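# Notes for the structure review
Below are the chains, spelled out letter by letter.
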Amino acid sequence: MTRGFGARFKGRGWMAAAVLMLSAVLCAGQQAPAGQNQTPSSQAPSGQSSSDQNPSGKSTQKPKTGQTETRITPEEAKKLFAMVDQLLKFSSDETGLQVKSTVGRKLTSRAEVESYLKEKFNEDDGAKRLQRGEIVLKKFGLLDHDFDMKPFLLALLTEQIEAYYDSKTKTVYLLDWMKPEDQESVLAHELTHALQDQRVNLEKWNDQTPNDVSLNAHEDTDHLAKDEIDTAREAVAEGQATAVMVDDELKPHGRSLLKDPEVVEFLKQQMADPDNSPVMARAPLLLSESLMFPYREGLSFEQDIWMDRGREAAFAGALDKPPSSSWEIINPLEFEKSHVPAVPLLPDIHPLLDGTYTPYDIGQVGQLDLHILTQLFGGDEAAKNLTPAWDGGIYWAGQLKSAKTPEQMASTKSIALFYLSAWKNEESAEAFTQLYANALGRKYSGLKKDVSATPADLPGGTEELVYSTNEGPVVITTRGKLVFVAESFELPVARKLTAMILDMQGTGEMRMAQGARPAGVLDGASDGAQAGQPVGGSTLSGGLVHLFAESGAMKAAVQAARNAAQMAQ
């Protein structure tokens, strides 16, 4: 999904299924919630901050009518601040990442967080871009057409936030309504982000995927080559932090991830069934899976690298030379072999389309995206069978230039999109074709197979399905191990696109879209990557993964770690 869907906010951590706008909170270094002192950590001695000088954690805002909330005492606040240095050392010992400077610490209240989030929803450019990208997700069928994301996100954030690290101010933010002992595990998690930040500069390191919509063939290609970089890096960062958090819970019982690897499977099951998180339980699959991926699959990735190649490779090594795709995260052995996935090629589509459509969105459909699509359209069994057979995917969306009014531009009827998926075998391609065709009814009304459409002049081995819908034709074409879907384009245009894109892939091994790779960390530097020029887009889940992972601590994930520790006793 376009990075328009994923605006840049610089906090880190765990959040529940729509941490999307908590990224606003994590931007606390850019603007603090009302009543919060923003003294940077460089001005605060170790173990102390401006909040230490008045550590009552008392908010100047009054609770809402009928609400009462216990706040930590000044003594508890001092204990909490002291834990920062202790856990920073633990995280360093666990990961081998060097402590290069102290980390600031501050208390914040629930009222301050909620007030700041609401302000961001109303005023921040990220919220506006979220509304823009939401249309394409609905066009794909990943969100229901009547789903209203803004109130859902506000409710979810209120439910889930526990703590966060702000990489701009080098400060960890703690909650004044939680007891110190209940914040220890999440502190270990967030302070791992502080150590990562001190090694690679998270402001740049996890900001590689282009931001803006691409407008020409060169930008399309460069964008597609970079699309999943941030998704993979977020999984590394969150996987490392989760490993430290889990080991902090396991250590008192004489256990660890290395000695008890089965703990990870139990923890992943716990993450899939969040306790006492009713809003998260109602989250659409796209949101919940995008949220959990960096922590669940990221933890598995880190554990495998740690066990196979040791601590240095799992932590410093994975930061210095990180994976670049969700496929590598899901398949860590491929990463260890230095294999990278293919990216289908995209010809210059602009002469054909730009007269009618304004480029709106472009991206890869990575293995994570494919897993979400197949699970949503076909259930767990379909996802289990088809996800391993994924071999690449790309999509493009344009908006009709004739859509002029806000109502027209907000409707999925104004969007046309195409999606090319590549498969390891023809059987999987055929199965996906049928799965996708069967799911069209969830997206469109008036769906019927168009038997009256004049048959296309197709090469041998190519099959075409044509459907009419309330939003125009849908054409699904299968050729060998490739499936191409064109939705809402006029039939002649859809067929021209089909021929252009399928013919470009050739008949041999899948080729890769080549673009400028980010400098710095990918070449082995350890002081942070240099972000490339923004040229547009992200995977379907990429903007969500990026923002979710860059937000605060998620109650459901922390509870999963605690449950795993109890199981290990």
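All of the points below concern the structure found in this document.

Basis of the calculations
- Residues numbered from 1 in each chain as written.
- Predicted model: local features only at pLDDT ≥ 70, side-chain atom pairs only at ≥ 80, totals over all residues.
- Heavy atoms only, no water.
- Helix = DSSP H or I, 4+ residues; strand = E, 2+ residues; numbered from the N terminus.
- Areas by Shrake-Rupley, 256 points an atom, 1.4 Å probe, with all protein chains shown as cover.
- Salt bridge = Lys/Arg side-chain N within 4 Å of Asp/Glu carboxyl O.
- Buried < 20%, exposed > 50% of the residue type's maximum accessible area, 1.4 Å probe, protein only.
- Axes fitted to C-alpha atoms, helices over the stretch in contact; angles between N-to-C directions.
- Parallel < 35°, antiparallel > 145°, perpendicular 65-115°, else oblique.
- Left-handed = near helix turned anticlockwise from the far one by under 90°.
- Contact = heavy atoms within 4.5 Å.
- Nonpolar A, V, L, I, M, F, W, Y, C, P; charged D, E, K, R; others polar.
- Pairing = 2+ DSSP bridges.
- Core = buried A, V, L, I, M, F, W, Y, C linked by side-chain atoms within 4.5 Å.
- Phe/Tyr/Trp six-rings, centres within 6.5 Å; stacked < 30°, edge-to-face > 60°.
- Patch = residues over 30% accessible without salt bridge, like charges linked within 9 Å, V, L, I, M, F, W, Y side chains within 5 Å.
- Lys, Arg positive; Asp, Glu negative; His and termini not counted.
- Charge placed at Lys NZ, Arg CZ, Asp CG, Glu CD.
- Arc of directions from axis to C-beta.

Moving on to the overall build of the protein chain. Helices and strands together make up the secondary structure of the protein chain, namely 23 helices and 11 strands. On the protein chain, roughly 21100 Å² of surface is accessible, and the fraction owed to carbon and sulfur atoms is 48%.

Throughout the structure, instances matching the rule amount to 16 salt bridges. For arginine 71, the salt bridge goes to aspartate 176, with nearest N and O atoms at 3.3 Å. A residue pair is termed long-range when its members are at least 10 positions apart, and arginine 71 in the loop between helix 1 (22-25) and helix 2 (74-95) and aspartate 176 in the loop between strand 4 (171-175) and helix 6 (184-200) qualify at 105 residues. Owing to a relative accessible area of 17%, arginine 71 belongs among the buried residues under this scheme. Residue aspartate 176 is classed as buried on the basis of its relative accessible area, which comes to 1%. Arginine 255 is the salt-bridge partner of aspartate 260, the closest N and O atoms lying 3.4 Å from each other. Taking the relative accessible area as the measure of exposure, aspartate 260 reaches 9% and is therefore buried. Sharing partners across several salt bridges, the network here consists of Glu289, Arg296 and Glu297.

This brings us to unusual backbone geometry. At lysine 170, a position not held by glycine, the phi torsion is positive, near 55°. Mapped onto the secondary structure, lysine 170 falls in the loop between strand 3 (164-166) and strand 4. With phi around 65°, asparagine 201 is a residue other than glycine that occupies positive phi space. Given the relative accessible area of 24%, asparagine 201 is considered partly exposed.

The axes of two packed helices give the description: the angle between them and the distance between them. Interaxial distance between helix 2 and helix 9 (residues 229-250) falls to 10 Å at its minimum, and their mutual angle equals 110°. As the angle between them shows, helix 2 and helix 9 are arranged roughly perpendicular. By crossing handedness, the relation of helix 2 to helix 9 is classed as right-handed. For the pair formed by helix 2 and helix 9, the contact residues are Leu87, Phe90, Ser91, Glu94 and Thr95 on the first element and Ala243, Val244, Asp247 and Asp248 on the second. When grouped by side-chain class, the residues that make up the contact of helix 2 with helix 9 number 4 nonpolar, 2 polar and 3 charged.

Attention now goes to the pairing of strand 6 (residues 390-400). Of all 11 residues in strand 6, 9 are buried; the element is thus mostly enclosed. In this structure, strand 5 (residues 357-364) lies alongside strand 6, joined through 7 bridges in antiparallel fashion. Bridge pairing in strand 6 places proline 359 opposite glycine 398. Examined bridge by bridge, strand 6 and strand 7 (residues 415-423) share 8 bridges and lie antiparallel to one another. For glutamine 399, the partnering residue across the bridge sits in strand 7 and is isoleucine 415.

Here the focus is the nonpolar core. Residues Phe140, Leu187, Tyr419, Tyr436 and Ile476 are the most contacted members of the largest nonpolar core, which totals 105 residues. Sort the elements by how many residues they give to this core and helix 12 (residues 285-309) lands first, with 10 residues. Dropping the residues within four chain positions of it, leucine 187 is found in contact with Leu80, Met83, Val84, Leu87, Val172 and Leu174. The next biggest cluster of nonpolar side chains, apart from the first, holds 25 residues, and it includes Leu224, Ile349, Phe484 and Leu497.

As a packed pair, helix 6 and helix 9 sit with axes 8 Å apart at the nearest point and diverge in direction by 140°. Classified by the angle their axes make, helix 6 and helix 9 are oblique. Of the two elements, helix 6 crosses helix 9, and the hand of that crossing is right-handed. Facing helix 6, whose interface residues are Glu184, Ser185, Val186, Ala188, His189, Thr192, His193 and Gln196, helix 9 presents Val236, Ala237, Glu238, Gln240, Ala241, Thr242, Val244, Met245, Asp248 and Glu249. Grouping the amino acids of the contact of helix 6 with helix 9 by side-chain chemistry returns 7 nonpolar, 7 polar and 4 charged.

It is worth spelling out the packing of aromatic side chains at this point. A full pass over the atoms with the stated rule returns 15 aromatic pairs. Centre to centre, the rings of tryptophan 306 and phenylalanine 315 are 5.1 Å apart; their planes meet at 85°, and the pair counts as edge-to-face. You'll find tryptophan 306 and phenylalanine 315 in the same group, each marked buried. Between tyrosine 419 and tyrosine 436, the aromatic rings sit 6.2 Å apart at their centres with planes inclined by 55°, giving tilted as the arrangement. Pair noted here: tyrosine 419 is in strand 7 and tyrosine 436 is in helix 20 (residues 426-439), with a separation of 17 residues, a long-range link. One exposure class covers both tyrosine 419 and tyrosine 436, and it is buried. Ring pairs connect the aromatic residues Phe140, Phe377, Tyr395, Tyr419, Trp423, Phe432 and Tyr436, which therefore count as one cluster.

The next point concerns a negative patch on the surface. A grouping of Glu426, Glu427, Glu430 and Glu463 is seen on the molecular surface, where their side chains present a negatively charged patch. It is helix 20 that provides the largest number of residues to the negative patch, a total of 3 residues. Of the residues examined, glutamate 426 reaches a relative accessible area of 44% and is grouped as partly exposed.

Turning our attention to the pairing of strand 7. Two faces belong to every sheet, and in a regular strand the side chains alternate between them. In terms of residue burial, strand 7 counts as a mostly covered element, since 9 of its 9 residues are buried. Side chains Ile415, Leu417, Tyr419, Ser421 and Trp423 project from strand 7 onto one buried face, and the interleaved Ala416, Phe418, Leu420 and Ala422 project onto a second face that is buried too. Where strand 7 meets strand 11 (residues 482-487), 6 bridges bridge the pair, whose relative direction is antiparallel. Looking at strand 11, one finds that leucine 417 is bridged to glutamate 487.

Right, let's get into helix 10 (residues 262-272). Inspection of helix 10 places Val263, Val264, Leu267, Lys268 and Met271 among the buried residues, and these make up the whole buried set. Seen along its axis, helix 10 keeps its buried residues to an arc of 135°; they face one direction. Away from the buried face of helix 10 by more than 90 degrees, exposed residues Gln269 and Ala272 are located.

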